[in-house]
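Here is how the chains run, residue by residue.
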Amino acid sequence: MNYIALKNQITRRIMLIACSIALAVGLMASLPRLAQAQSVTPPIVPDNKLQVEPGNEAFLVGHAVGTQNYVCKPSGTGVKFVLFTPEATLFKDNADRQIITHFFSPNPFELNTDATVTADGVIRATWQARDTSTVWAKVHDPDGTLIVDHNAIAWLLLDVVGAQDGPTGGHTLSDSTFVQRVNTTGGLPPATGCTSLTDVGNEAFVPYTADYFFYKKQHGNN
């Protein structure tokens, strides 16, 4: 009986050691993938006006596919297409996984003073993650936008002017400080459909793609 009990005890110890080794190997194998997933290389931008301030680091990039949506409005003595919202889905890892939606919405952290707009907050570019954390941003320098491709919308640097966690504590985007829009294709208002007053109210939904890089304060710079 003592021999059998000892044999069983040794067997259990061997199995425990084997399981511990397997778990350790699994964790070590996952560490490079985790580090790679958390590492985001900032884009190379051809203009200093699009550079993010020192002390901030890129932590997330989303590859956007959607439309830039325009409405024909009176402008001066004529008319022109005016952007009223983008509608885009941002994907991670080459369109493999949806992570963020992009649109315009009222920023609850800025009181709206525009009498022509019925909203409690200023209408800003908005990004909402799947955990419903949300950020609002404005163009850093209206004169600093960059046309890289004359067949595509401009590259932009945007300052985050509002951020909040999701109602269940989601915080994917809550620490964002800046957003860069780069690598754009398409999205320009069409040349037709808004040439006279009779066209006022016409809408155009123009396909576009872009990469959005999200930045936050570097550790130790909070």
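Rules used in this analysis
Residues numbered from 1 in each chain as written. Predicted model: local features only at pLDDT ≥ 70, side-chain atom pairs only at ≥ 80, totals over all residues. Heavy atoms only, no water. Helix = DSSP H or I, 4+ residues; strand = E, 2+ residues; numbered from the N terminus. Buried < 20%, exposed > 50% of the residue type's maximum accessible area, 1.4 Å probe, protein only. Contact = heavy atoms within 4.5 Å. 1 Å grid on protein atoms, 1.4 Å probe; cavity = no way out; pocket = protein on both sides within 12 Å on 5 of 7 lines; lining within 4 Å. Points joined across faces, edges and corners; volume = space filled by probe spheres on them. Nonpolar A, V, L, I, M, F, W, Y, C, P; charged D, E, K, R; others polar. Phe/Tyr/Trp six-rings, centres within 6.5 Å; stacked < 30°, edge-to-face > 60°. pLDDT = per-residue confidence, 0-100. Pairing = 2+ DSSP bridges. Axes fitted to C-alpha atoms, helices over the stretch in contact; angles between N-to-C directions.

### Some points on unusual backbone geometry
Among all residues save glycine, negative phi is the norm, and among peptide bonds the norm is trans.
(1) Moving on: A positive phi angle, near 65°, is found at Thr 132, a position not held by glycine.
(2) Moving on: Looking at the element boundaries, Thr 132 is found in the loop between strand 4 (121–129) and strand 5 (134–139).
(3) Moving on: Since its relative accessible area comes to 29%, Thr 132 is described here as partly exposed.
(4) Moving on: Notably, Asn 183 is not glycine yet its phi reads approximately 55°, a positive angle.

### What about the environment of Val 52?
(1) Moving on: If you trace the backbone, Val 52 turns up in the loop between helix 1 (2–38) and strand 1 (56–75).
(2) Moving on: Once the C-alpha coordinates of Val 52 and His 140 are considered, the two residues, 88 residues apart in sequence, prove to be 9.8 Å apart.
(3) Moving on: Those residues within four positions of Val 52 in sequence are excluded, and the remaining contacts are Leu 157, Phe 178, Gln 180 and Tyr 215.

### Side note on the environment of Lys 217
(1) Moving on: Tracing the backbone through its elements, the reader meets Lys 217 in strand 8 (residues 203–217).
(2) Moving on: Lys 217 sits in the partly exposed class, given a relative accessible area of 37%.
(3) Moving on: Note: C-alpha distance between Lys 217 and Ala 58 (159 residues apart in sequence) is 8.9 Å.

### A look at empty space enclosed by the protein
(1) Moving on: Within this structure, the stated rule accounts for one cavity of 30 Å³ or more.
(2) Moving on: For the largest cavity, the calculated volume is near 30 Å³.
(3) Moving on: Taken together, Lys 49, Leu 50, Val 139, His 140, Asp 141, Gly 144, Thr 145 and Leu 157 form the lining of the largest cavity.
(4) Moving on: Looking at the lining of the largest cavity residue by residue, the classes come out as three nonpolar, three polar and two charged.

### A closer look at the environment of Leu 158
(1) Moving on: Following the sequence through the fold, Leu 158 ends up in strand 6 (residues 156–164).
(2) Moving on: Once residues lying within four places of it in the same chain are set aside, the contact partners of Leu 158 are Ala 125, Trp 127, Ala 137, Lys 138, Val 139, His 140, Thr 177, Phe 178 and Val 179.

### What about the packing of aromatic side chains?
(1) Moving on: In this structure the tally under the stated criterion is five aromatic pairs.
(2) Moving on: Aromatic pair Trp 127 and Phe 214: ring centres 6.0 Å apart, planes at 90°, arrangement edge-to-face. Residue Trp 127 is found in strand 4, and its partner Phe 214 is found in strand 8; the two are separated by 87 residues along the sequence. Of the two residues examined, Trp 127 and Phe 214, each falls in the buried class.
(3) Moving on: Among the aromatic residues, ring-to-ring pairing joins Trp 127, Tyr 212 and Phe 214 into one connected group.

### Considering the layout of surface pockets
(1) Moving on: In this model, the largest pocket occupies a volume close to 500 Å³.
(2) Moving on: Around the largest pocket sit 24 residues that line it, and Gln 68, Leu 83, Phe 104, Leu 156 and Arg 181 are the ones nearest its centre.
(3) Moving on: Secondary-structure elements contributing two or more residues to the lining of the largest pocket are strand 1, strand 2 (78–92), strand 3 (97–111), strand 4, strand 5 and strand 6.
(4) Moving on: With five residues, strand 2 is the largest single contributor of residues to the lining of the largest pocket.
(5) Moving on: Tallied by class, residues from the lining of the largest pocket come to 17 nonpolar, three polar and four charged.

### Details of the confidence of the model for the protein chain
(1) Moving on: Averaged over the protein chain, the pLDDT score is 86; the fraction of residues at 70 or greater is 81%.
(2) Moving on: The model gives residues 16–37 a pLDDT under 50, and that stretch makes one contact with residues more than four places away or in other chains.

### Concerning the sheet that holds strand 6
Sheet strands line up and pair through hydrogen bonds in the backbone, either parallel or antiparallel.
(1) Moving on: As summarised here, the arrangement of the eight strands in space is 1-2-3-4-5-6-7-8, forming a closed barrel in which the pairing is antiparallel. Adjacent strand axes in the sheet meet at a mean angle of 40° when their direction is disregarded.
(2) Moving on: Both strand 5 and strand 6 contribute to a ladder of six bridges, which runs antiparallel. Within strand 6, the residue paired with Val 135 across the bridge is Ala 163.

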